[in-house]
Amino acid sequence: MDHRNKGRGQKDDKKYSQSSIDAGVYTKLESIVNVLQENKNGNRDFKPLIEFCQKGFLNQMVQSWSYYAQVNNHAMFAKSTLLLVKATRLINQNASIIEHGDRLIKLLLTDYLKVIYRGLNNMRGQITNPMLFLLKELILFDNSKHIEEFISFFDFSLPSLVKIVTPSKNELENKSNGTTNTGKTYKSLRLSFIEFWVELINKTPSLLRKELLSDNFKIMGAWFKYMDKFDSSSIMIQTIDTFINSILKEKSFKRMTKTKILNEFAVAKLHHFYHSTNKDLVNKVNEFFLAYGYNPETSVSFPDNCVWFDESPISGGFSNASNGAPVTINQREFKLYNKLLFNVLRLFKPWEDDMQSNTLIKILQSNPGLVAPYCAYLTSLGSHDPKMTSYWFGMTLV
């Protein structure tokens, strides 16, 4: 039985490679795509692409693409992936062939995911970047109508995903030295993945988005870890926009969900960008912290039922948990409802600039229960004797 199956498999592979793989299909589609792209600003004739799809050549193109992956023809695998990216994008621009795009996406998700994983596992920019571009097109196609299907089929536990979002040692060294690899003609894998990941977060319905962000903590951790070491100002502005609009402003997310996703580690990484030379990024990160700790509609702040009381007048002292988490600050014990937010406040250096000082004061105004412990924290930083220093003026303003 095993020998019969093995022989049949070899025979099928031979047939598949000789008759099913038609290089002419690739050449034909490439020609159609090039013409449509060249006439981007004029009247574009989609008829050749429509006929190509109607005759079933798109499926043959996918078979060719899969074959190139199987035989390790890396050059053609990369080229055919990019061609599928361009074709999918063009199909999405013409309502008369949207249905062919739908069939293409379903075909890729049901029968060719292993080919996609093969491209992602390759970990080389020439092959993996085009595959990330393809994933992005799949989730954006026809107003993201296939996104739930994508999340259902795609395996986010692939170890290569964490590796992709982790910059290589050389990339980190070049970034820290302010140099770039002049021989590199493609995007970093991390940047390509973040562009895909951000779109996925933004387009996913809120219930699935919660699971996506909470379950894939390894990807999220690797994303957070290198934000301050590697990511450009433009991608960070895009990232923070996603944090604000798709997490903090999401009304269906409870405070606990928000703090689980945007934890202390993530927030500490974001605070680093107060020191950016890009003013737009500094303003964006300040917008994040106002949403995170000040705005009552988006804040992660839990209501403090004690404030200045030893025990909550609401609970009547029956619940110890309701009185907050015990924290010792400068040899004084406090019970904090918002320990995470207090730890975030400790990141701020109000003596460095007015923006940090003003934001810190607003967060304290919105969370009066943190005023006393924060003042105790300030006294632990050193003497407040009058001196002509930025530290003294900043601390005095607070």
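Here the structure is a predicted model, which is why all the values come from computation and not from measurement.

Regarding the overall build of the protein
When you go through the protein residue by residue, the secondary structure sums to 23 helices and 2 strands. Burial status across the protein gives 45% buried among its 398 residues. Taking the contacts inside the protein whose residues are at least 6 apart along the sequence as the reference set, 70% of them involve residues at least 24 apart. Element-wise, carbon and sulfur atoms account for 50% of the exposed surface of the protein, whose accessible area totals about 21,000 Å².

Digging into the nonpolar core
Among soluble globular proteins, nonpolar side chains are generally buried collectively. Of all hydrophobic cores here, the largest spans 113 residues; its most connected members are Trp 65, Leu 120, Phe 150, Phe 154, Trp 197, Trp 223 and Phe 288. With near-sequence residues (within four places) excluded, Phe 154 lies in contact with Leu 113, Ile 116, Tyr 117, Leu 120, Leu 135 and Leu 161.

Let's talk about the packing of aromatic side chains
The way to describe two aromatic rings as a pair is by their centre distance and the angle between their planes. Here the structure, examined in full by the defined rule, presents 23 aromatic pairs. Put simply, the rings of Trp 223, Phe 224, Phe 243, Tyr 274, Phe 288, Phe 289, Tyr 292 and Phe 348 pair up and form one aromatic cluster. Directly above the aromatic system of Tyr 294 lies the positively charged group of Lys 362, at a separation of 5.9 Å from the ring centroid.

Things to note about the environment of Thr 166
Positionally, Thr 166 belongs in the loop between α10 (159-165) and α11 (169-177). When residues no more than four places from it in sequence are discounted, the contact partners of Thr 166 are Ala 222 and Tyr 226. A distance of 2.7 Å separates the side chain of Thr 166 from the backbone oxygen of Val 162, its partner in a polar contact.

Some words on the packing of helix α12 (residues 189-203) against helix α13 (residues 206-215)
Their axes nearest at 8 Å, the elements α12 and α13 cross at an angle of 140°. Between α12 and α13, the interaxial angle falls into the category oblique. Mapping the contact onto sequence places Trp 197, Leu 200 and Ile 201 in α12 and Arg 209, Leu 212 and Leu 213 in α13.

Overview of α12
An α-helical turn contains 3.6 residues, so a residue and the one three or four places further along point in the same direction. For α12, built from 15 residues, the straight-helix expectation of 21 Å at 1.5 Å per residue is met to within 8% by its first-to-last C-alpha distance of 21 Å. The buried count for α12 comes to 12 of 15 residues, which makes it a mostly enclosed element. Taken together, the buried positions of α12 are occupied by Leu 189, Arg 190, Ser 192, Phe 193, Ile 194, Glu 195, Phe 196, Trp 197, Val 198, Glu 199, Leu 200 and Ile 201.

Conventions used here
Residues numbered from 1 in each chain as written. Predicted model: local features only at pLDDT ≥ 70, side-chain atom pairs only at ≥ 80, totals over all residues. Heavy atoms only, no water. Helix = DSSP H or I, 4+ residues; strand = E, 2+ residues; numbered from the N terminus. Buried < 20%, exposed > 50% of the residue type's maximum accessible area, 1.4 Å probe, protein only. Contact = heavy atoms within 4.5 Å. Areas by Shrake-Rupley, 256 points an atom, 1.4 Å probe, with all protein chains shown as cover. Core = buried A, V, L, I, M, F, W, Y, C linked by side-chain atoms within 4.5 Å. Phe/Tyr/Trp six-rings, centres within 6.5 Å; stacked < 30°, edge-to-face > 60°. Lys NZ or Arg CZ within 6 Å of the ring centre and 35° of its normal. Polar contact = N/O pair within 3.5 Å; in protein donor to acceptor, adjacent residues only side chain to side chain. Axes fitted to C-alpha atoms, helices over the stretch in contact; angles between N-to-C directions. Parallel < 35°, antiparallel > 145°, perpendicular 65-115°, else oblique. Expected span 1.5 Å × (residues − 1).

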